[in-house]
Amino acid sequence: MMGSVSFRTIIEPFRIHSVEPVRMTSQEDRERMIRDVGFNVFGLRSDDVLFDLLTDSGTGAMSRDQWAGIQRGDESYAGSPSWYRFLESVQELFPFKHVIPTHQGRAAEKILFTVIGGPGKVVPNNTHFDTTRANVEATGAEALDLVIAEGLDPAALHPFKGNMDVERLEAFLQERSGDVPAVMMTVTNNSGGGQPVSLANLRATREVCDRFGVPLFLDACRFAENAWFIREREEGQQGREVADIVREMASLTDGMTMSAKKDGLANIGGWLAMNDDDLAEQCRTLLIRTEGFPTYGGLAGRDLEAVAQGLREVVDHDYLQYRIRSTAYLGEGLVNAGMPVVQPIGGHAVYIDARGLLPHIAPLQYPGQSLVVSLYETGGIRACEIGTVMFGRQPDGSERPAALDLVRLAIPRRTYTQSHIDYVIEVCERVSSKSAELGGYRIVDEPPSLRHFTAKFAPA
Ligand SMILES: Cc1ncc(COP(=O)(O)O)c(C=O)c1O
């Protein structure tokens, strides 16, 4: 592996095989285009975006071998060989008894929480991702975030800021374990800054769950990045195979939801897995009604092949070293550019503390949204607000500031080169130098749930 060679430069461990053009636009054009879509970057045409850092989900480049798998895809309705290759790849890392394919992560969440959720139930998690929260709440259940205190402090240097606050979990289960159908653990903790969870914390969480007879599920979207952080940062884990660490993570839980659009290195796909036979039966029944037959879920055979191959590639140490180092490179560049960023740098993204950068904008005037708009207008970069726009609206319709106002620059996997990232850093430098001039926003139109996708804004 590359790490054994002592050079300072950590390279992209691939050559470029086919290219896609990116389109330059002027600042004047971008100011008009963002105004035309109500200052919501989700409304932009992606052709009008130079660097699309909106999400790392499904936006990565597939490998030669994944494209070869696509050609091999077998589209039989039931029992396709592509399904068996998918199943084998999933169980190689996550040896759960039942694997239920879905078209993406939120479909797995919808099926799981439809079966186990409901009014009066509570699902604790380190931090719910937005679709996870929405799927829990859609059943009438409550989504409870119990990440450690350091996980809410953007400047706190803790190696595993995604960890569950096990004491609070225990105190909660003491009171309400009868209402808790499952505890979730999100690895890495996306909404909390892409921060990892340690094996020790997973073990401690497992132990508490066992004591109260509550199952533990992984929201495993970025399992390989999490395992790499464990290998790098957790005592006694250095030198271990990442695949081995992943299997240990799986062994500490009773099941998982997964979006293969992240560490499946695919453009679409996901699954739900568990050991419990009764739960699996109920989930499969719902799968057939909403996604498809249990050997394809919502996927084409060729998609199953892309995921099967992606899972083999994602645990490669050269890939993970490049992946985590290149994210840190962007983070370090932003710090030098004067941006306050969540520390330590996460796995799939760099999170800018917009409330810290723009203290003159009140949280209910959305400092994160202001920064997102400025990044687009200034340099054609599309980023994502993860703050009061995303989380501020309460189930009763009221609004309050989210715990943090972050802006996420998510890095698609194997897609952008180092000079692209140098450009992003330069744009951030310019935005940072004019931050005092940026103003807040107000929402002029919003849907009842998941408003950040479609809300329309106007300058406050
Ligand atoms: C932690 C986490 N959970 C669940 C999901 C949902 O997955 P999908 O987008 O495939 O529905 C995401 C997607 O971004 C995520 O980051």
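In the block above lies the structure referred to throughout.
Residues numbered from 1 in each chain as written. Predicted model: local features only at pLDDT ≥ 70, side-chain atom pairs only at ≥ 80, totals over all residues. Heavy atoms only, no water.

Novice: Outline the overall build of the protein chain, listing residues and values.
Specialist: A tally of regular secondary structure across the protein chain gives 16 helices and 14 strands. On C-alpha atoms alone, the protein chain measures out to a radius of gyration of 21 Å, which is about the 23 Å that the 2.2 N^0.38 rule sets for 460 residues. In terms of principal-axis extent, the alpha carbons of the protein chain reach across some 60 × 50 × 45 Å. Relative to its full complement of 460 residues, the protein chain shows a buried share of 59%. In the structure as shown, the protein chain presents an accessible area of about 18,800 Å², 49% of it carried by carbon and sulfur atoms. Averaging the locations of the 46 positively and 62 negatively charged side chains of the protein chain gives two centres separated by 3 Å. (Helix = DSSP H or I, 4+ residues; strand = E, 2+ residues; numbered from the N terminus. Rg over C-alpha atoms; globule rule 2.2 N^0.38 Å. Buried < 20%, exposed > 50% of the residue type's maximum accessible area, 1.4 Å probe, protein only. Areas by Shrake-Rupley, 256 points an atom, 1.4 Å probe, with all protein chains shown as cover. Lys, Arg positive; Asp, Glu negative; His and termini not counted. Charge placed at Lys NZ, Arg CZ, Asp CG, Glu CD.)

Novice: Tell me about the sheet that holds strand 5 (residues 183–186), and please be specific about residues and values.
Specialist: Ordered by their spatial adjacency, 5 strands build an open sheet running 2-8-7-6-5, and the pairing between neighbours is mixed. Two strands close off the open sheet at either side, each with one partner strand: strand 2 (98–102) and strand 5. Across the sheet, the mean angle separating the axes of adjacent strands is 15° when strand polarity is ignored. Here strand 2 pairs with strand 8 (residues 270–274) via 5 bridges, running antiparallel. Bridge assignment links Val99 to a residue of strand 8, and that residue is Ala273. (Pairing = 2+ DSSP bridges. Axes fitted to C-alpha atoms, helices over the stretch in contact; angles between N-to-C directions.)

Novice: Give a description of the packing of aromatic side chains that names residues and reports values.
Specialist: Overall, the coordinates contain 13 aromatic pairs when judged by the stated rule. Ring centres of Phe94 and Phe223 lie 4.9 Å apart, and the angle between their planes is 85°; this geometry places the pair in the edge-to-face category. Of the two residues, Phe94 is situated in the loop between helix 3 (81–93) and strand 2 and Phe223 in helix 8 (residues 223–233); the sequence distance between them amounts to 129 residues. Phe223 shares its class with Phe94; the two are buried. For the ring pair Tyr366 and Phe457, a centre distance of 6.1 Å and an interplane angle of 80° mean the geometry is edge-to-face. In this pair, Tyr366 sits in the loop between helix 13 (354–357) and helix 14 (367–379) while Phe457 sits in strand 14 (residues 456–459), placing the two residues 91 residues apart along the sequence. (Phe/Tyr/Trp six-rings, centres within 6.5 Å; stacked < 30°, edge-to-face > 60°.)

Novice: With reference to specific residues and values, describe the site of the ligand.
Specialist: Taken together, 15 residues surround the ligand, and among them Arg106, Asn190, Asp219, Ser259 and Lys262 come closest. Between the ligand and Gln104 there is a distance of 2.9 Å, counted from an oxygen atom to a side-chain nitrogen or oxygen. Across the complex, the protein chains shield 97% of the 390 Å² of accessible surface that the ligand would expose by itself. The biggest single contributor to the shell around the ligand is helix 4 (residues 105–116), with 3 residues. Its residues placed into classes, the shell around the ligand shows 2 nonpolar, 7 polar and 6 charged. (Near = heavy atom within 4 Å. Polar contact = N/O pair within 3.5 Å; in protein donor to acceptor, adjacent residues only side chain to side chain. Nonpolar A, V, L, I, M, F, W, Y, C, P; charged D, E, K, R; others polar.)

Novice: Let's hear about the environment of Leu265: which residues, and what values?
Specialist: By secondary structure assignment, the location of Leu265 is in the loop between strand 7 (255–259) and strand 8. Leu265 sits in the buried class, given a relative accessible area of 6%. Linking Leu265 and Val180, residues 85 residues apart in sequence, is a C-alpha distance of 32 Å.

Novice: Requested: an account of the sheet that holds strand 11 (residues 384–386), with residues and values cited.
Specialist: Here we have 3 strands laid out as an open sheet, ordered 9-12-11, and antiparallel in their pairing. The open sheet terminates on both sides in strands that have one partner only, identified here as strand 9 (349–353) and strand 11. Averaged over all neighbouring strand pairs, the angle between strand axes comes to 30°, with direction disregarded. As defined by bridge partners, strand 11 adjoins strand 12 (residues 406–410) across 3 bridges and the pair is classed as antiparallel.

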